[in-house]
Amino acid sequence: MEIVVERLQEHNIKPSMQRIAIMKYLMEHRTHPTVDEIYTALSPTIPTLSKTTVYNTLKILSEQGAAQTLTIDERNTCYDADTSPHAHFLCKSCGRIYDLPCDDAVKKVVDTDMDGHEVQEIHYYYKGICKQCKED
Ligand SMILES: [Zn+2]
Ligand SMILES: [Zn+2]
């Protein structure tokens, strides 16, 4: 719980009960969940929670840099508590999103002179068929 509160405070986000619950879920579930998944998982324990609150909270977390928004799956926006540069692999068969290490060259872009532009996000997306689906 404390780690979650610290994470929110580090990013200048007021730690309300619902924000803590959403951030905690994201930190514990590294499956890149969607708004729907988080809402479905948390609503039984937080009956006052609405889907709009989940959406708005994830937006704040993302804007403040406490989480990142993934648009790898065009049907669903996904969220990731891991904000370090890493690549994502979307399985076109099962829809799972996997974390992959990304090339050092990609990480270096952050430190490259971008002609005065400030890079805040780098997305590296791969799509294909995952190991598990290939085995079936
Ligand atoms: Zn798969
Ligand atoms: Zn990830």
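Residues numbered from 1 in each chain as written. Chains lettered and ligands numbered in written order. Predicted model: local features only at pLDDT ≥ 70, side-chain atom pairs only at ≥ 80, totals over all residues. Heavy atoms only, no water.

To be explicit about the condition: UniProt positions are given in the numbering used here, feature names are shortened, and annotations may be inferred rather than shown by experiment.
The name given to the protein chain in an unreviewed UniProt entry is Ferric uptake regulation protein, with Bacteroides stercorirosoris as the source organism. UniProt annotates the protein chain under Sequence similarities (unreviewed entry) with the comment "Belongs to the Fur family."

**Considering the coordination of the zinc ion (ligand 2)**
Note the threshold: Note that water is not among the atoms used; donors are N, O and S atoms within 2.8 Å of the metal (3.2 Å for Na, K and Ca), so sites may look incomplete. Numbered from the N terminus, helices here are DSSP runs of H or I no shorter than four residues, and strands are runs of E no shorter than two. Whether a residue is buried, partly exposed or exposed follows from its accessible area with a 1.4 Å probe, protein chains only, as a fraction of its type maximum: under 20%, in between, or over 50%, in that order.
Bound to the zinc ion (ligand 2) are the protein donor atoms His 32 (NE2), Asp 80 (OD), His 86 (NE2), His 88 (NE2) and Asp 99 (OD), situated 1.9 to 2.3 Å from the metal. We note that the donor set of the zinc ion (ligand 2) lies within a single chain, spaced as H-x47-D-x5-H-x1-H-x10-D. Here His 32 is found in the loop between helix H2 (17-28) and helix H3 (35-42), whereas its partner His 88 is found in strand E3 (residues 87-91), with 56 residues between them in sequence. As far as burial versus exposure is concerned, His 32 and His 88 are alike and both buried.

**Side note on a nonpolar patch on the surface**
Note the threshold: A residue counts toward a patch only above 30% relative accessible area and without a salt bridge, and it is joined to like-charged neighbours within 9 Å or, for Val, Leu, Ile, Met, Phe, Trp and Tyr, to nonpolar neighbours within 5 Å. All accessibility values rest on the Shrake-Rupley procedure with a 1.4 Å probe; residue burial counts only the protein chains present in the view. Within this document, salt bridges are pairs made up of a side-chain nitrogen of Lys or Arg and a carboxyl oxygen of Asp or Glu, the two lying within 4 Å of each other.
Taken together, Leu 100, Tyr 124 and Tyr 126 make up a surface patch of nonpolar side chains, about 240 Å² in accessible area. As for its placement among the helices and strands, Tyr 124 is situated in the loop between helix H5 (104-108) and strand E5 (125-128).

**With respect to the coordination of the zinc ion (ligand 1)**
Rules: In this scheme the shape depends on donor count and angles: four donors with every angle between 85 and 135 degrees give tetrahedral, four or six donors with opposite pairs above 155 degrees and others between 65 and 115 give square planar or octahedral in turn, and any other case is irregular.
Taken together, the protein ligands of the zinc ion (ligand 1) are Cys 91 (SG), Cys 94 (SG), Cys 130 (SG) and Cys 133 (SG), with distances of 2.3 Å. Taken together, the four donor atoms coordinating the zinc ion (ligand 1) span angles of 103 to 118° at the metal, a pattern that classifies the geometry as tetrahedral. Mapped onto the sequence, the residues coordinating the zinc ion (ligand 1) show the spacing C-x2-C-x35-C-x2-C. Comparing Cys 130 with Cys 133 shows no difference in burial state: the two are buried.

**Examining the pattern of salt bridges**
For the coordinates displayed, the defined rule picks out five salt bridges. The salt bridge involving Glu 63 is made with Lys 59; its shortest N-O contact spans 3.7 Å. Of the two residues, Glu 63 and Lys 59 are both situated in helix H4 (residues 51-63); the distance of four residues between them amounts to about one turn of the helix. Ionic pairing is found between Asp 73 and Arg 75, a salt bridge with its closest N-O pair at 3.2 Å. A relative accessible area of 7% means that Asp 73 is categorised as buried.

**Remarks on the sheet that holds strand E4 (residues 97-100)**
Inclusion rule: DSSP bridges decide pairing: two strands pair if at least two such bridges lie between them. Axes, fitted as lines to C-alpha atoms, cover a helix only where it is in contact. Angles between the N-to-C directions of the axes lie from 0 to 180 degrees.
Strand order in this open sheet of three strands is E4-E3-E5, and the pairing throughout is mixed. A single partner strand is all that each edge strand has here, and the edge strands are E4 and E5. Averaged over all pairs of adjacent strands, the angle between their axes in this sheet comes to 25°, without regard to strand direction. The pairing of E3 with E4 spans four bridges and is antiparallel. Its bridge partner being in E4, His 88 is matched across the sheet by Asp 99.

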